Amino acid sequence: MLSRTIKEKLISSYTRSFPSFPLPDQFTVEVPPSDGFGDFASNIAFSSAKILHENPIEIASIISDVLREDSFFNDVTVAGKGFVNMKVSDTLLRKMLVKIIKEKEDAFKYNIGKGKRYQVEFVSANPTGPLTVGHGRQAAIGDVISNILEFIGYDVTREYYFNDAGNQMNVLAHSLWVRYNQELGVDIEMPEEGYRGEYLIDIAKEIVGKAGKMYREKWDEDVKAFFRSYAADKMFDWIKADLSKFNIRFDVWFSESSLHEDGKVKDTIEELRKRGFVYEKDGAVWFAASKLGDHEDWVLVKSTGEPTYLLTDIAYHRDKAKRGFDKVLDIWGADHHGHVPRVKAGLEALGIEDGFCEILLHQFVTVVQSGKDVRMSTRRGEFVTLGDLVDTVGADVAKYFFVMLSPDTHLSFDLDLARSRSMDNPVFYIQYAHARICSVLRHAEENGFDTNREGDVRLLIAPEERTLIKDIERLDDVVLDAYDTLGPHKLTRYVEEVAKAFHVYYTKYRFVDKSNLELSYARLSLVKAVQIVIKTVSRLIGISMPENM
RNA sequence: GUGCCCGUGGCUUAAUGGACAGAGCGUUGGACUCCGGCUCCAAAGAUUGCGGGUUCGAUUCCCGCCGGGCACUCCA
């Protein structure tokens, strides 16, 4: 909360000091690496050095002189090669604490989104098999980002796009039919490209139970359609059950076949044609992406007459724009990175503005078990399902592990470690801090304290109290940082830091002391504020905060 | 071969171009008569893959190597 005001104060000191010069493009206000540098530090002198043709140290000292006149600051110094280091007054920090207690999580909300419609599309796995841990990472990242967007005032739609139209579904249908026949003792080989997972065997058994030998060695369009829809329904039930077990919900389930049925794929290709990006060659219809700087052109409609994945995807994104979203975010696995420039070229060709669609890629998840990698492939039927993972480690731990690293970082999920409940587990560390807080508040009530009473925060003079207040008052900065960088891991790192600061505080001081009621009330206020912050972050991450463990 | 991502203490990792590269795990040594020790304190541990360049300043940007992952389909 304070860094905003400080930024404004830096700007006004700058313009007062250098009235005829423009402001630097950007400069930071951040927490310095060590307490010795004060509470906040800014690099404004570095970023303005070129504009002012002046030594950063000189600039910093001029700005500092102005800032020093403000009672907001306790101390302003110039350090290093030109940092402006600021120490804010204790009164001000305590005001922030009071604000948190009064307004709760609203104290940290800035309306950046202003109600604009933001669509986040994630998971979007096709119904050909169960969700894997890789989808789990995507589900977690997408959910946390959606929560963040909502927190800062966007109207968010969480959408799941599934391909229920293409050839993969036919392959799935045929694979199921093969399993069905095998169940009936018919010796048919699973085709090379078939889905070999054991899950189809269970479904095949089910069909034998219901339909007997009706489809034995019989394969035509009707049979295909039956197996296809049977398989798709089963897969969807499974996917939805796993997601709900994982506490992830979607607002819209968007089917690819609806794009075809509603003529949107056809419309898209016509519009591309009108704009001069379509030509025919070798019996196929091509997208002239090279006109937009791509190194080659891509097929939109195969010579068989079927649309490609690229075309339907462009049609899908065109539809997103037509549905009136102000902005959309797609979350894709890193294996789709080659697809990014093509879809973007498609949108550009359609005249959709550049900033409309953002794509966040995340690196892969590997699962390590007994010290070695578990290879995962839906087609080969080798995987650890998301549902299994959630059953073993719980939704909270799974979700936290998925978002605790930067999406850019490869994630290696150690199943043995996760299964062993012992864990050097940050989730438990944070939950423990929260449970301790609840325990303290309970203890206070039991000893006759009214925990709703507001304490006199002026009594909070211990250094650990100052640290803790500084930590919790910057939650809004953390949320905005996570938003700017699309980095949910900023939240987990932050909440670990807050939990740490609380544990340190807890170990050193007593909160409930009948011989010093006023001090006790003051400290209980701080404890409650910490609880508000931990709960707010845990809600954004989507994990629970039990009162007892 | 071409393109994208990654390379940071023993391990897992953080750092919109900023200060002495920050955490956690592990290791070693400490701390409970009292609100939950699932906690806390301290120490050791790093030439940020290698070599150049840009900059007042580079883990971050550029170039070249080395190593790993991914993608280069009329699959999705």
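Cut-offs applied
- Residues numbered from 1 in each chain as written.
- Chains lettered and ligands numbered in written order.
- Predicted model: local features only at pLDDT ≥ 70, side-chain atom pairs only at ≥ 80, totals over all residues.
- Heavy atoms only, no water.
- Domains from an automatic or database assignment.
- Contact = heavy atoms within 4.5 Å.
- Salt bridge = Lys/Arg side-chain N within 4 Å of Asp/Glu carboxyl O.
- Polar contact = N/O pair within 3.5 Å; in protein donor to acceptor, adjacent residues only side chain to side chain.
- Axes fitted to C-alpha atoms, helices over the stretch in contact; angles between N-to-C directions.
- Helix = DSSP H or I, 4+ residues; strand = E, 2+ residues; numbered from the N terminus.
- Parallel < 35°, antiparallel > 145°, perpendicular 65-115°, else oblique.
- Left-handed = near helix turned anticlockwise from the far one by under 90°.
- Nonpolar A, V, L, I, M, F, W, Y, C, P; charged D, E, K, R; others polar.
- Pairing = 2+ DSSP bridges.
- Phe/Tyr/Trp six-rings, centres within 6.5 Å; stacked < 30°, edge-to-face > 60°.
- Buried < 20%, exposed > 50% of the residue type's maximum accessible area, 1.4 Å probe, protein only.
- Lys NZ or Arg CZ within 6 Å of the ring centre and 35° of its normal.
- Expected span 1.5 Å × (residues − 1).
- Core = buried A, V, L, I, M, F, W, Y, C linked by side-chain atoms within 4.5 Å.

## What about the domain arrangement of chain A?
Here the domain parsing of chain A yields domain 1 (2–88) and domain 2 (94–111 + 424–541). Here domain 1 and domain 2 have C-alpha centroids that lie 29 Å from each other. At the interface, 10 residues of domain 1 touch 8 residues of domain 2. One salt bridge connects Arg 466 with Asp 39, and the closest N-O pair in it is separated by 2.8 Å. Counting every contact that joins domain 1 to domain 2 gives 5 residue pairs in polar contact (both at pLDDT 80 or more).

## Examining the packing of helix α19 (residues 489–508) against helix α20 (residues 517–541)
A pair of packed helices is characterised by two quantities: the angle between their axes and the separation of those axes. Contact geometry for α19 and α20: axes closest at 10 Å, N-to-C directions at 155°. What the angle tells us is that α19 and α20 run roughly antiparallel. Handedness of the crossing formed by α19 with α20: left-handed. Residues Leu 491, Thr 492, Tyr 494, Val 495, Val 498, Phe 502 and Tyr 505 of α19 form the contact with α20, whose participating residues are Arg 523, Leu 526, Val 527, Val 530, Val 533, Ile 534, Val 537, Leu 540 and Ile 541. Classifying every residue of the contact of α19 with α20 gives 14 nonpolar, 1 polar and 1 charged.

## Looking at the sheet that holds strand β3 (residues 73–79)
What links the strands of a sheet is backbone hydrogen bonding, and the strands pair in either a parallel or an antiparallel sense. Read across the open sheet, the 4 strands follow the order β1-β2-β4-β3; overall the sheet is antiparallel. Each of the sheet's edge strands pairs with one partner strand only, and the pair in question is β1 (29–30) and β3. Of the strand pairs in this sheet, strand β2 (residues 40–42) and strand β4 (residues 83–88) are connected by 3 bridges, and their pairing is antiparallel. In the strand pairing of β4, Ala 41 is matched with Asn 85.

## Re the packing of aromatic side chains
Applying the stated rule across the entire model yields 35 aromatic pairs. Plain terms: the ring middles of Phe 72 and Phe 73 are 5.1 Å apart, the flat faces sit at 65° to each other, and that makes the pair edge-to-face. You'll find Phe 72 and Phe 73 in the same group, each marked buried. A network of ring pairs unites the aromatic residues Phe 122, Tyr 160, Phe 162, Phe 236, Phe 250 and Trp 253 as a single cluster. Over the aromatic face of Trp 286 sits the side chain of Lys 281, whose NZ or CZ is 4.6 Å from the ring centroid.

## Observations regarding helix α5 (residues 133–151)
An α-helix turns once per 3.6 residues; consequently, residues spaced three or four apart project the same way. The end-to-end C-alpha separation of α5 is 27 Å, in line with the 27 Å expected for 19 residues at 1.5 Å each. With respect to burial, α5 is a largely interior element, 17 of its 19 residues being buried. Positioned one or two residues after α5, Gly 153 has a phi angle of 95°, which is positive.

## With respect to the nonpolar core
Ile 6, Tyr 160, Phe 246, Phe 402 and Leu 491 are the most contacted members of the largest nonpolar core, which has 126 residues in total. Taken domain by domain, this core gets at least three of its residues from each of domain 1 (2–88) and domain 2 (94–111 + 424–541). Excluding residues within four positions of it along the chain, Phe 246 makes contact with Gly 136, Ala 139, Ala 140, Leu 386, Val 390, Ala 395, Ala 398, Lys 399 and Phe 402. Judged by nonpolar contacts, the second largest core, of 32 residues, contains Tyr 161, Leu 300, Trp 332 and Leu 347.

## Observations concerning the sheet that holds strand β5 (residues 117–121)
Spatially, β7-β6-β5-β11-β12 is the arrangement adopted by the 5 strands of the open sheet, whose pairing is parallel. For this open sheet the edge positions go to β7 (252–255) and β12 (357–362), each flanked by a neighbour on one side alone. Going from strand to strand, the sheet's axes swing by 25° on average, the running direction of each strand aside. Sheet analysis places strand β11 (residues 327–333) next to β12, joined by 6 bridges and oriented parallel. The residue of β12 that forms the bridge with Gly 333 is His 362. Packed on one face of the sheet, helix α8 (residues 221–245) meets β6 (155–162) and β7 and runs near 145° to β6. Those strands touched by helix α12 (residues 340–349) are β11 and β12, and its axis lies near 175° from that of β12.

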